[in-house]
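Structural overview
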Amino acid sequence: MEWGNVTAEDLIDALREVDWSSPPRPLAEFFSRFTVPKSSAAWNSRLKCNLYYYRTNYFIMIVLILGLGFLRRPLSIVAALSTALCFAFLNDSFAGTFSEKVTRTVRQFSPHLAAKMRPPFTPVIRGRRSAKRSIYICGQPRSAFVAAASLVSFFLWYVSCGLLTLSWALAIGLLATIIHASSRTPNLKARLNTFREEFRHVWRNHNVL
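The notes below deal with the structure included here. This one's a predicted model, so the numbers in the text were calculated from it and none came from an experiment.

Comments concerning the nonpolar core
One finds Tyr 54, Tyr 58, Leu 66, Phe 70, Trp 157 and Leu 166 to be the most contacted residues of the largest nonpolar core, which totals 17 residues. Those elements giving two or more residues to this core turn out to be helix H3 (40-53), helix H4 (55-69), helix H5 (74-88), helix H8 (142-160) and helix H9 (163-183). Per-element tally for this core: the top contributor is H4, with 5 residues. Excluding its chain neighbours within four sequence positions, the residues that come into contact with Tyr 58 are Phe 30, Asn 50, Leu 51, Thr 177, His 180 and Ala 181.

Quick notes on the environment of Gly 96
Looking at the element boundaries, Gly 96 is found in helix H6 (residues 92-109). With relative accessibility at 33%, the residue Gly 96 sits in the partly exposed group. In the structure, Gly 96 is positioned 41 residues away from Ile 137 in sequence and 6.8 Å away in space, judged by C-alpha atoms.

Some thoughts on the packing of H4 against H9
The N-to-C vectors of H4 and H9 enclose an angle of 150°; their axes lie 9 Å apart at closest approach. With respect to each other, H4 and H9 are oriented roughly antiparallel. Seen from above, H4 lies across H9 with right-handed handedness. Across the interface between the two elements, Tyr 58, Met 61, Ile 62, Ile 65, Leu 66 and Gly 69 of H4 pack against Thr 165, Leu 166, Ala 169, Leu 170, Ile 172, Gly 173, Leu 174, Ala 176, Thr 177, His 180 and Ala 181 of H9. Split into classes, the residues belonging to the contact of H4 with H9 amount to 12 nonpolar, 5 polar and no charged.

Procedures and definitions
Residues numbered from 1 in each chain as written. Predicted model: local features only at pLDDT ≥ 70, side-chain atom pairs only at ≥ 80, totals over all residues. Heavy atoms only, no water. Core = buried A, V, L, I, M, F, W, Y, C linked by side-chain atoms within 4.5 Å. Buried < 20%, exposed > 50% of the residue type's maximum accessible area, 1.4 Å probe, protein only. Helix = DSSP H or I, 4+ residues; strand = E, 2+ residues; numbered from the N terminus. Contact = heavy atoms within 4.5 Å. Axes fitted to C-alpha atoms, helices over the stretch in contact; angles between N-to-C directions. Parallel < 35°, antiparallel > 145°, perpendicular 65-115°, else oblique. Left-handed = near helix turned anticlockwise from the far one by under 90°. Nonpolar A, V, L, I, M, F, W, Y, C, P; charged D, E, K, R; others polar.

Take a look at the structure:
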């Protein structure tokens, strides 16, 4: 797979659809083999490859930087968690897993309510389901949960007066991510993992057709 041909929109779609439950890469691998890219094309390809391969490491690193910035503002930590949950809902795998676990927990206390939390039936057209399907969380459109989490986050940030701290922490976290992704030389395991994910994506699309 040639990462230079992958657009930013394709990368965002891949990060939205991929499973984020995989454990982070080992620190010995994460902090090794740093080199300067030889050209802008090589830097562009390396940046996208590392952002996809080390996505869990970068997410944890940004969360830790945010946590350090909010040590003296406990309410801001809650706001940061609410913001992280808002972005997590945008990932298809997380949204489905979250909905399934909540519905399973509710079923233990109220099976009738759990039945109402099931997603709507997706019609089958010509023997196959539509490739573009809507994501539901606990029986409600995902956009409703994202909007609710966004409103709660904005209110908590406003009350805690931590927007300036958030801006600095996010800037430092994103800068550290870009520097690492730009200088970390992609190893063979990263390339093989990329090919495996590409094969899964092609095979999934083949099954849909």
